[in-house]
Amino acid sequence: MPENTMENASCVLVKGGTVCNADRTFEADVLIEDGIISQIGSDLNAPDGAKVVDAAGKLVIPGGIDTHTHLNAHSDDANFANMAVVDDFFVGTKAALAGGTTMILDHCVPGRGQSMLEKYEIWRNTADEMVCCDYSLHVAVTWWGDKTKEEIATLCSEKGVNSFKMYMAYKDSIMVTDDVMYKAFNCIKENGALAMVHAENGDVIECNCKKLLNSGVTGPEGHLMSRPEEVEAEATGRAIMIANQTNCPLYVVHVMSKSAADVVASARKQGKVIFGEPIAAGLGSDGSHYFNKEWRHAAGHVMSPPLRPDNETPAYLMDMLANNSLQATGSDNCTFTIEQKAVGKDDFTKIPNGTNGLEDRMSVIWEKGVHSGKMDPCRFVAVTSTNAAKIFNFYPKKGVIQVGADADIVVWDAEATRTISKDTHHQAVDFNIFEGMECHGVPLVTISRGKVVWENGELNVTKGSGKYIYNPVHAPEAYARIAQRDKVNQPVKVDREPYTGQVWPAGGDNKNAAEPSKKAEQAKSPPAAGFKAPAPSSGLPESRPQTKRGHRDLHASSFSLSGQQTDDADGHRNAYKVVAPPGGRSSIQF
Ligand code: URP
Ligand code: ZN
């Protein structure tokens, strides 16, 4: 796999701050050389020519990592209404740096029938020329063809992709059905990668949209009405079930509702290897905006899944993030101008989906999470940076301030405030869903790969200076557990003497056989109680876990992420040893 080369060789000393990592805070200076953190300690001397950044009284935190952006949605991406987003890789990453985010994970989404590898190359070529901060890519599986397996394997082994997204919404364009998800999850798992889902039931949404339009609801409120919470929660549960059946780790993107968050939390409680991502929009805004009388205001909030009308949802999602029911945060930044949104002025289904959040994610989470008292600064670092680095497997290169890590650092002023507005943000979009929100928590200085790129309210960036980060497969955060479960959860055959009795229908010499006329009757009648009909082919592996009495345990799948025991096949126990404790056991803990 190609190595990432270092540029912008420079020397920076961040002096007098409080370093805040996900596990602890401590007073220290941080010396950066050639883009890497070279020393952390007290009273470090600045080498000749070094730039000194005064961090006294401020936090020094790992740069934010936005797990979810769309900075290259293009005319041939069916779900983006045949138009390009306004915040592209250049403008988007500039704005990210101004907001304290130093790395993004963007979505490369091939259309149906398109090659994932070809699309990946298009994304790389576009991004490499434009990005001002480092980036990685998720690649979407939008259809299943002869080459899909091979392409997933190549993306994993040669292209640094270790996460694959499936859309359960956007019917007739990029939505995939359960059978494709099952095949894809199996393949993703075989390659040691992570499955991701946009969880909404696309079939139901399609029917709801038709019904609403027929009844005369054409405005943005129809978008919300067509995609109620249970539509999100059902798909979330279904994706988790398929992940469980394939023993594939799963990352649920943009968890937007209380009920979907509950589904994720409950799966995690059962020990399933699931991660949940709330986004800035869902944590900082709500669905009341869809009922705003001004069309442009309501349409400006259209995204999928929608913001929820229950105004307690943002605080609920923040609580889930604080208590580790949810783990990492993105923005799902996918921005269209009001003019672009207006293609749906008479039909809400035509409004291109997406909102901002890339620049404001860090401040919104500080305000609603830390300033509100729901989480401490260490948890803030975990959910805005460290956990993403672990889940997508580039920790400790990023996501932590330690010697040897990339110098992606933010000097954070916890006391300062700023008011978010479209008039002052650095994004190109002409609308901001957080308009007027006053946030404590301001990025004073942003350092990307050792270069000061944001200071005194000024950006100093170079187009194309960001690097693509190759992410290896088998992230320990997920695969330490998955691999062990594969080992201990293999189905165990029951050894027994072969059956030597009669087999129905009995032959003519069988004295106990039914009369021919009776046999014909039996064949027509439903099976009597106790009769064991041959199992219809379910597509599931034949040998499923058995109980002591040899009955198939219908509650257990052949693969279980949730508490199947190594000695299940040995017979009854009075007590159960928990091999896979709820929440899982991992060498790396959040
Ligand atoms: O509304 C959204 N989320 N827009 C971006 C496309 C997607 O669904 O991720
Ligand atoms: Zn998205």
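### Digging into the site of ligand 1
Looking at ligand 1, there are 13 residues lining it, with H70, Y170, S304, D332 and N353 nearest. Here an oxygen atom of ligand 1 and a side-chain polar atom of Y170 are 2.5 Å apart. In the complex, 100% of the free accessible area of ligand 1, which totals 260 Å², lies under the protein chains. For the shell around ligand 1, the residue count by class is five nonpolar, seven polar and one charged.

### Things to note about the sheet that holds strand β10 (residues 194-198)
Strand order across the open sheet formed by seven strands is β6-β7-β8-β9-β10-β11-β12, with parallel pairing between neighbours. Each edge of the sheet is formed by a strand with only one pairing partner; in this case those strands are β6 (64-69) and β12 (274-276). On average, each strand axis in the sheet is inclined to that of its neighbour by 25°, with strand direction left out of account. Judged from the three bridges that link them, β10 and strand β11 (residues 250-252) form a sheet pairing that is parallel. Within the sheet, the bridge partner assigned to M196 lies in β11 and is Y251. Taken strand by strand, helix α14 (residues 377-391) contacts β6, β10, β11 and β12, and its axis lies near 60° from that of β6.

### Considerations on helix α3 (residues 148-158)
The set of residues buried in α3 consists of T148, E151, I152, T154, L155 and C156. Packed against the buried residues of α3 are α2 (116-130), β8 (134-140), β9 (163-167) and α4 (178-190). Once α3 ends, the next one or two residues include G160, with phi positive near 75°.

### Concerning the nonpolar core
F164, M166, F185, V197, L250 and F380 are the most contacted members of the largest nonpolar core, which totals 77 residues. For this core, the leading source of residues is α4, giving six residues. In terms of nonpolar packing, the next biggest core, distinct from the first, is built from 31 residues, L224, I279, V302 and F434 among them.

### Observations concerning the environment of C132
Along the chain, C132 turns up in the loop between α2 and β8. Judged by its relative accessible area of 2%, C132 falls in the buried class. Taking the C-alpha atoms as reference, C132 lies 8.8 Å from T102; in sequence the two are 30 residues apart. Look past the residues within four positions of C132 in its chain and what remains in contact with it is F90, T93, K94, L97, S448, V461, T462, K463, S465 and G466.

### Notes on the packing of aromatic side chains
Ring pairs (aromatic) are described by centroid distance and by the angle formed between their planes. Scanning the entire structure with this criterion turns up nine aromatic pairs. With a centroid separation of 6.1 Å and an interplanar angle of 45°, the aromatic rings of F89 and Y135 are classed as tilted. With F89 in helix α1 (residues 89-98) and Y135 in strand β8, the pair connects residues that are 46 residues apart, well separated along the chain. The buried category is assigned to F89, whose relative accessible area is 0%. The exposure class assigned to Y135 is buried, which follows from its relative accessible area of 0%. Among the aromatic side chains, those forming a connected cluster through ring pairs are F89, Y120, Y135, Y468 and Y470. Here K390 stacks its cationic end above the ring of Y395, 5.1 Å away from the centre of that ring.

Each value, and the rule that gives it
Residues numbered from 1 in each chain as written. Chains lettered and ligands numbered in written order. Predicted model: local features only at pLDDT ≥ 70, side-chain atom pairs only at ≥ 80, totals over all residues. Heavy atoms only, no water. Near = heavy atom within 4 Å. Polar contact = N/O pair within 3.5 Å; in protein donor to acceptor, adjacent residues only side chain to side chain. Areas by Shrake-Rupley, 256 points an atom, 1.4 Å probe, with all protein chains shown as cover. Nonpolar A, V, L, I, M, F, W, Y, C, P; charged D, E, K, R; others polar. Pairing = 2+ DSSP bridges. Helix = DSSP H or I, 4+ residues; strand = E, 2+ residues; numbered from the N terminus. Axes fitted to C-alpha atoms, helices over the stretch in contact; angles between N-to-C directions. Contact = heavy atoms within 4.5 Å. Buried < 20%, exposed > 50% of the residue type's maximum accessible area, 1.4 Å probe, protein only. Core = buried A, V, L, I, M, F, W, Y, C linked by side-chain atoms within 4.5 Å. Phe/Tyr/Trp six-rings, centres within 6.5 Å; stacked < 30°, edge-to-face > 60°. Lys NZ or Arg CZ within 6 Å of the ring centre and 35° of its normal.

Everything listed here is a matter of geometry and, on its own, says nothing about what the molecule does.
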